[in-house]
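Here's the letter readout for the chains.
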Amino acid sequence: MSTPLKIDFVSDVSCPWCIIGLRGLTEALDQLGTEVQAEIHFQPFELNPDMPAIGQNIVEHITEKYGSTPEQSQANRERIRDMGAALGFAFRTDGQSRIYNTFDAHRLLHWAGLEGLQYNLKEALFKAYFTDGQDPSDHATLAIIAESVGLDLKRAAEILASDEYAAEVREQEQLWVSRGVTSVPTIVFNDQYAVSGGQPAEAFVGAIRQIIEDAKN
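Residues numbered from 1 in each chain as written. Predicted model: local features only at pLDDT ≥ 70, side-chain atom pairs only at ≥ 80, totals over all residues. Heavy atoms only, no water.

**Regarding helix H5 (residues 118-131)**
The cut-off we apply is this: Numbering of helices and strands runs from the N terminus; a helix is a DSSP stretch of H or I covering at least four residues, while a strand is a stretch of E covering at least two. What a helix should span is 1.5 Å times the count of its residues minus one. Think of it in three bands: residues with accessible area under 20% of the maximum for their type are buried, residues over 50% are exposed, and the middle band is partly exposed, with areas taken using a 1.4 Å probe on protein chains only.
The terminal C-alpha atoms of H5 lie 19 Å apart, and with 14 residues this matches the ideal 20 Å at 1.5 Å per residue to within 8%. Among the 14 residues of H5, eleven are classified as buried, and the element is accordingly described as predominantly covered. Taken as a whole, H5 has its buried residues at Gln118, Leu121, Lys122, Glu123, Ala124, Leu125, Phe126, Ala128, Tyr129, Phe130 and Thr131. In the stretch just after H5, Gly133 is the one whose phi turns positive, near 70°.

**Overview of the side chain of Arg23**
Applicable threshold: Contacts described as polar in this section are N or O atom pairs within 3.5 Å, which, within protein, must combine one atom able to donate a hydrogen with one able to accept it, while residues neighboring in sequence count only if both atoms come from side chains. We call two residues in contact whenever any of their non-hydrogen atoms come within 4.5 Å of each other.
Turning to its location among the elements, Arg23 is positioned in helix H1 (residues 16-32). Among the polar contacts made by the side chain of Arg23, one reaches the side chain of Glu123 at a distance of 3.2 Å. Those residues within four positions of Arg23 in sequence are excluded, and the remaining contacts are Leu87, Gly88, Phe89 and Glu123.

**Thoughts on the nonpolar core**
Put simply, the rule is: Buried Ala, Val, Leu, Ile, Met, Phe, Trp, Tyr and Cys residues that are joined via side-chain atoms within 4.5 Å together make up what is termed a nonpolar core.
In terms of nonpolar packing, the biggest core is built from 41 residues, with Leu5, Leu25, Phe189 and Ile208 touching the most fellow members. For this core, the secondary-structure elements that each account for two or more residues are strand S1 (3-11), H1, strand S2 (36-44), helix H2 (58-66), H5, strand S5 (186-189) and helix H9 (201-216). Look past the residues within four positions of Leu25 in its chain and what remains in contact with it is Ile7, Phe9, Ile40, Ile187, Phe189, Phe204 and Ile208. Grouped together as the second largest cluster of nonpolar side chains are 21 residues, Ala112, Leu121, Ile145 and Val149 included.

**A look at the packing of H1 against H5**
The angle between the axes and the distance between the axes are what describe a pair of packed helices. Filter applied, for reference: Every axis corresponds to a line fitted to the C-alpha atoms, with the helix fit spanning only the stretch in contact, and the corresponding angles, defined between N-to-C directions, vary from 0 to 180 degrees. An angle below 35 degrees is read as roughly parallel, one above 145 as roughly antiparallel, one from 65 to 115 as roughly perpendicular, and any other as oblique. Handedness of a crossing follows from how the near helix is turned relative to the far one, being left-handed for an anticlockwise turn of less than a right angle and right-handed for a clockwise one. Charged means Asp, Glu, Lys or Arg here, nonpolar means Ala, Val, Leu, Ile, Met, Phe, Trp, Tyr, Cys or Pro, and polar covers whatever is left, Gly included.
One way to put it is that H1 packs onto H5 with a least axis distance of 11 Å and a crossing angle of 140°. It follows from the interaxial angle that H1 and H5 lie oblique. As H1 runs across H5, the sense of the crossing is left-handed. Residue-level contacts link Pro16, Cys18, Ile19, Leu22, Arg23 and Thr26 of H1 to Tyr119, Glu123, Phe126 and Phe130 of H5. Residue composition of the contact of H1 with H5, by class: seven nonpolar, one polar and two charged.

**Quick notes on unusual backbone geometry**
Note: most peptide bonds trans; most residues except glycine with negative phi. The omega torsion across Val184 and Pro185 is 5°, close enough to zero to call that bond cis. For Pro185, the location among the structural elements is in the loop between helix H8 (166-178) and S5. Positive phi, normally seen in glycine, also occurs at Asn190, with a value near 50°.

Function cannot be inferred from these measures alone, as they are strictly geometric.
Right, here's the structure in full:
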C-alpha cells in the first residue's frame, strides 16, 4: 500500500541548486515507485526580491551578495554545470548572464498550480533561464513559456498585466519564511520533515523511507 506524501518544494526559478534538488527528488520518487503516492507543490521564495527590472550582471551580483571573486564565481558555475550535466540538465550561464526579479514568474506558477500544470511550467522556467538565457521577469517571454506547456497565452498575458495572484504569492512567501525557511531549495514532507539543499537521490530515498517508517509507528 502506498504512503501518501505531500511535498512542498520551496524554491526560486533562478536558483541552480533548486534544479539539482528537484532532479534528485524526482529520481528518488522513481526509485521508490509504488511505496509512496507523492504530490509536489511548488512554493514561492525570492532570492532577490529587491532586484530592479533591468536585473544585474551575475558576477557583479554574486560578488556583492556573497563576497566571491570572479574566479570563485566561475568555478562555482562550472561545478554546477557538471552536476547538471550528470542529471540531464544543461546549465549555460556564463559571466555575462544576469540575475532578474522572479516575482511575476511565481505568480504564473501559482496560476499553473490551479490549472494542474505547475510542474511543467516550473521545468520550462528553469530551462528558459538557465539553458536558453531568457529573462524570467519579461512578461512577453513568460506568456510564451506558459503557452509552451499548455497554458492559455491570452490568460497568461492578462495575469501578468494585472496584479492577479500577487497577494497569494506574498502570503505564501511570508508563510514559508515564518516557518524558518531561509535558503532554497527547502523540501518539506507532510508538513513535518524538511530536507535542504540540492541533495542527490539517495538522500531523498533515505529521508522518505524514514518518513514512511515514522508514519507506521
